[in-house]
Every structure is written in structure tokens, then in C-alpha cells.
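# Structural features, examined
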Amino acid sequence: MSARSGSPSRPHKTSNGPVSDAGFVLDVRNLGRRPGTMREVRRTATEHERMGLDLIAIPADAEVELDLQLQAVSEGVLVTGTVSGPTVGECSRCLEPFEDRVEVRLTELFAYPDSTTEQTTEDDEVYRMEDDLIDLEPVILDAIGLELPLQPLCTPDCAGLCPECGVRMAIAGPDHGHEILDPRWAKLASFATEEPGTGDPAEGSTHQDRSAPGADDARVVSENQEEK
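On a predicted model such as this, the values are computed, not experimentally measured, just so you know.

### Some remarks on unusual backbone geometry
With phi around 70°, Leu95 is a residue other than glycine that occupies positive phi space. Positive phi outside glycine occurs at Asp132, with the angle close to 60°. Assignment of secondary structure puts Asp132 in the loop between strand S10 (127-128) and strand S11 (133-135).

### Side note on the pairing of strand S4 (residues 38-47)
Every second residue of S4 is oriented toward a common face, the buried set being Arg39, Val41, Arg43, Ala45 and Glu47 and the non-buried set Met38, Glu40, Arg42, Thr44 and Thr46. Here S4 runs beside strand S7 (residues 62-73); their pairing, made up of 10 bridges, is antiparallel. Along S7, the bridge assignment pairs Val41 with Leu68.

### Here we look at the confidence of the model for the protein
Residues shown with low pLDDT carry predicted positions that ought not to be read at fine detail. The predicted model of the protein has a mean per-residue pLDDT of 78, with 68% of residues at 70 or higher. The least confident element of the protein, judged by mean pLDDT, is strand S1 (residues 13-14) at 40; the most confident is strand S6 (residues 56-58) at 97. In the predicted structure, residues 1-18 sits below a pLDDT of 50 and forms 47 contacts with residues beyond four places in sequence or in another chain.

### Here we look at the environment of Gln71
Relative to the helices and strands, Gln71 resides in strand S7. For Gln71, a relative accessible area of 24% gives the class partly exposed. Through-space distance from the C-alpha of Gln71 to that of Gly36 is 6.2 Å; in sequence the pair is 35 residues apart. Setting aside anything within four residues of it in sequence, one finds Gln71 in contact with Leu31, Gly36, Thr37, Met38, Gly76, Val77 and Leu78.

### Focus on the environment of Cys165
Position of Cys165 relative to the elements: it lies in the loop between helix H2 (137-147) and helix H3 (169-172). For Cys165 and His178, which are 13 residues apart along the polypeptide, the C-alpha to C-alpha distance reads 8.8 Å. Not counting residues up to four positions away in its chain, the partners in contact with Cys165 are His176 and His178.

### Section: the side chain of Asp135
Within the secondary structure, Asp135 sits in strand S11. Of the polar contacts made by the side chain of Asp135, one reaches the backbone nitrogen of Glu137; its length is 3.1 Å.

### Considering the pairing of strand S9 (residues 97-111)
Bridge count for strand S8 (residues 76-90) against S9 is 15 bridges, and the pairing is antiparallel. By the bridge assignment, Thr87 is partnered in S9 with Asp100. From the end of S8 to the start of S9, which pair antiparallel, there are six residues, and Leu95 there has a positive phi angle of about 70°. Here two bridges tie S9 to S10, and the two strands are oriented parallel to one another. The partner of Ala111 across the bridge, within S10, is Arg128.

Quick notes on the rules
Residues numbered from 1 in each chain as written. Predicted model: local features only at pLDDT ≥ 70, side-chain atom pairs only at ≥ 80, totals over all residues. Heavy atoms only, no water. Helix = DSSP H or I, 4+ residues; strand = E, 2+ residues; numbered from the N terminus. Buried < 20%, exposed > 50% of the residue type's maximum accessible area, 1.4 Å probe, protein only. Pairing = 2+ DSSP bridges. pLDDT = per-residue confidence, 0-100. Contact = heavy atoms within 4.5 Å. Polar contact = N/O pair within 3.5 Å; in protein donor to acceptor, adjacent residues only side chain to side chain.

Structure, rendered in C-alpha cells:
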């Protein structure tokens, strides 16, 4: 599930009507609309869908901690505070699963239905309240999507995988390595593996006589003299 920037609020509802103060939905009726009125909210909510990116996210049914402050302002309710939860991911270097934790900070205005802000902005420009309810889910999704790394790492210094055999460098050991031969020298290496000669002196002398320098020239001179 990816973040959805600027999505309008979607209060959770049941067949009996809106749910108040449940999960990520906050009922702000008792806050009133007098600017400066404040209220703190601390709760644990559970999201039944995965929240985050492809390689790392808050898993489904994980507990998400909310530590928030609600403040009534002239145009709506300003929500500030932190949201945190456990994450599970796959390292982008070594591909191993790992666990971590993410914490995001929220600062978001939810406009009153009859406010100037609500009447003069597009639906995707500001979050809105509905029936005195604030749905934090789209805000949290956006914040988590921006906070989590696109290429998560199990450790900051993860060495990844060996490019030759694919083993994790973290468990390969300091002596792990592969001898890589330059293809330009591959033919010479094959010569080194061939069996040496027999070392027979007769064989060597015969070869030397055939290839001795000047042998052919002497034979040509002798033939010329005989012709004369």
C-alpha cells in the first residue's frame, strides 16, 4: 500500500453510523471550536492492511502507537504529534528479511465543513472533517510512505552478496574470494597446464640439426660448386 497525498478524510462507518474514537478515527466534538482549545490523544490502533512500500512496511494487524495533540483553530483542528510502529522489510543489498521500527511526525490541519478553507480549496489540497470526525489513516499512510527508505538495508554497512557466487558477504568470512583470470591471458594459462617434453637428448639434437642456422645455405653452396 502506498501513500496517497492529499486524500480527503474517509471516516470509518458501520451500519449504525460513524464510529467515534476508534482506531485512526478521532471524535472532536468534545474539543469544541473555540480557538486554542487543546486535547491530547494517546492510543494503540491496528491497521488491518499493510502500510508502506514494496520492500519495507508496517505489516498488517501490527499495533501502531499514536501520541497526538489536537488543537482547535479558526479554520479547523490542527493535529500534531508522532505515530510509530514496527516494520518488516527485505534488505535491498543482501535480500535478507529484517525488522525495524518507524516513527513519523504529523502536523496536519483538518478543515471544518463550513470554513473558508474548506470552501476555497480543492479536495486534494486539504484534509477535511466529516460529522466532527477526523480520519488519520490517509495522513499516516502519506507520512510513512515518505519516511521509509526506497532501498532499505538490514544494517547501514551491509556488504550485500558476492557478485561471483551470491553468498552473503556477512557470513562469507574475510578470506572469501575468487581467482578471476583475465581472458587475454587464458591461452597462456592453458600452455602452462600442458605436459612438458620427454627430455630425450636424441630428440633434442635431431630437432637442433634440422633447425640449425646456416644449414640450408651450406647445402646450396655445395650444389653450385658441383655444377661448375
